[in-house]
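Examination of the molecular architecture
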Amino acid sequence: IVLIGAFAAAWTYCMLYVCRALAAIIDRFCIELTHMQDTAQAMARWNILQAIMLKTSTSVEWSFIAMLFAIGFSVPLLMADFLTLGAQWGSLPPIAPGALIMLLFVRAFLVAASITDKCARVPFLVNSLCFGSGMEHRRHLLVSYIGGSGAGFYVCDIRLTMAMAM
């Protein structure tokens, strides 16, 4: 049982690592965007970023589905254990490892959902930037392009958002 718990924790930390890498890519794009003067280059980089996010999220989507099933099955089992052992302090140590792993799963799910929300805030950043005089129309096109791209973390072609995760 300890080996299964260690595997589940390692698996969850791998998922967290992937999600944090995607968040770092978005942050890096936003930092580079503040120094760019060419909106065409920004569109090309956003295309690359969006392709990386889509490929990554489709590569790990079955892991997220498995995590959701694990959360769905572990909550009733943990409740049953708690009710069987009784609602006292002595019943917490046997339940604690399962509860901690379940909380890790929930954390990974929320971090993945935050990627989509971070992508949704990028158009507001772009709109606040100045690309030079006479570039308002191109900036507007870039804002529309990024906003309409639907970038984010997808699980089975469903865009995962914080509203959905809550």
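Numbering of residues starts from 1 in each chain and follows the order in which that chain's sequence is written. Totals for whole chains, interfaces and linings use all residues, but because this is a predicted model, local features are given only for residues with pLDDT of at least 70 and pairs of side-chain atoms are given and counted only at 80 or more. In computing side-chain properties, one takes all heavy atoms of the structure into account and sets aside hydrogens as well as water.

Here's the deal with the overall build of the protein
For the protein, the helix and strand inventory stands at five helices and two strands. Under the DSSP-based scheme used, a helix requires at least four consecutive residues in state H or I and a strand at least two consecutive residues in state E, with every element numbered from the N terminus. Helices and strands in the protein line up, N terminus first, as α-α-α-α-β-β-α. Projected onto its principal axes, the C-alpha positions of the protein cover 70 × 25 × 25 Å. Relative to its full complement of 166 residues, the protein shows a buried share of 36%. Note on contacts: a residue pair is in contact if any heavy atoms of the two residues lie within 4.5 Å. Taking all contacts inside the protein whose residues are at least 6 apart in sequence as the whole, residues at least 24 apart take part in 79%. As displayed, the protein has an accessible area near 9800 Å², and 70% of this comes from carbon and sulfur atoms. Buried residues are those whose accessible area, probed at 1.4 Å on protein chains only, stays under 20% of the maximum for their type, while exposed residues exceed 50% and partly exposed ones sit between those limits. Note on areas: these come from Shrake-Rupley sampling with a 1.4 Å probe, and a residue is covered only by the protein chains present in the view.

Focus on helix H2 (residues 39-85)
Bend, in this description, refers to the angle at a residue between axes fitted to the seven residues ending there and the seven starting there. At Glu61, H2 shows its largest bend, some 45°. By the criterion applied in these results, polar contacts are pairs of N or O atoms within 3.5 Å in which, for protein atoms, one can donate a hydrogen and the other can accept it, and in which residues neighboring in sequence qualify only through two side-chain atoms. The N-capping residue of H2, defined by a side-chain oxygen 3.3 Å from the backbone nitrogen of Ala40, is Asp38.

Some details on the side chain of Ser57
If you trace the backbone, Ser57 turns up in helix H2. A relative accessible area of 0% means that Ser57 is categorised as buried. A polar contact is formed between the side chain of Ser57 and the backbone oxygen of Leu54, at a distance of 3.1 Å. Once you skip the residues sitting within four places of it in the chain, Ser57 turns out to touch Phe153 and Tyr154.

What about the pattern of salt bridges?
Here, a salt bridge means any Lys or Arg side-chain nitrogen found within 4 Å of an Asp or Glu carboxyl oxygen. The full count for this structure, using the stated rule, is three salt bridges. Between Arg28 and Glu32 there is a salt bridge whose closest N-O contact spans 2.8 Å. Taken together, the residues Arg28 and Glu32, both in helix H1 (residues 2-33) and four residues apart, mark about one turn of the helix. By relative accessible area, which is 23% here, Glu32 ends up partly exposed. One salt bridge in this structure joins Glu32 and Arg45, with 2.6 Å as the shortest N-O distance. Pair noted here: Glu32 is in helix H1 and Arg45 is in helix H2, with a separation of 13 residues, a long-range link. Via salt bridges that share partners, Arg28, Glu32 and Arg45 belong to a single interconnected network.

Side note on the nonpolar core
Inside soluble globular proteins, nonpolar side chains tend to come together where they are buried. Definition used in this section: a nonpolar core is a set of buried Ala, Val, Leu, Ile, Met, Phe, Trp, Tyr and Cys residues joined via side-chain atoms within 4.5 Å. Counting residues in each nonpolar core, the largest one holds 44 residues, and the members touching the most others are Leu33, Phe64 and Phe153. When contributions to this core are tallied by element, the ones reaching two or more residues are H1, H2, helix H3 (92-128), helix H4 (136-148) and strand S1 (153-155). Of all the elements, H3 adds the most residues to this core, at 13 residues.

Things to note about the packing of aromatic side chains
Aromatic contacts are taken between Phe, Tyr and Trp rings whose centres are within 6.5 Å, Trp giving its six-membered ring; a plane angle under 30 degrees counts as stacked, one over 60 as edge-to-face, and the others as tilted. Across all of its chains, the model carries four aromatic pairs by this definition. With centroids separated by 6.4 Å and ring planes inclined at 15°, the aromatic side chains of Phe7 and Trp11 adopt a geometry described as stacked. With Phe7 and Trp11 both in helix H1, this residue pair falls four residues apart, about one helical turn. An angle of 55° between the planes, with centres 5.2 Å apart, marks the rings of Phe29 and Trp46 as tilted. Here Phe29, found in helix H1, pairs with Trp46, found in helix H2; they are 17 residues apart in sequence, far enough to count as distant. Overall, Phe29 belongs to the buried group, its relative accessible area being 3%. What makes Trp46 buried here is its relative accessible area of 0%. Joined through ring pairs, the aromatic side chains of Phe7, Trp11 and Phe105 make up one cluster.

What to know about the state of the cysteines
Throughout, disulfides are identified as pairs of cysteine sulfur atoms within 2.5 Å of each other. One pass over the full model with this rule turns up zero disulfides. We note that Cys30 lacks a disulfide partner, and the nearest cysteine sulfur, in Cys119, lies 8.5 Å from it. Using a relative accessible area of 3% as the deciding quantity, one classes Cys119 as buried.

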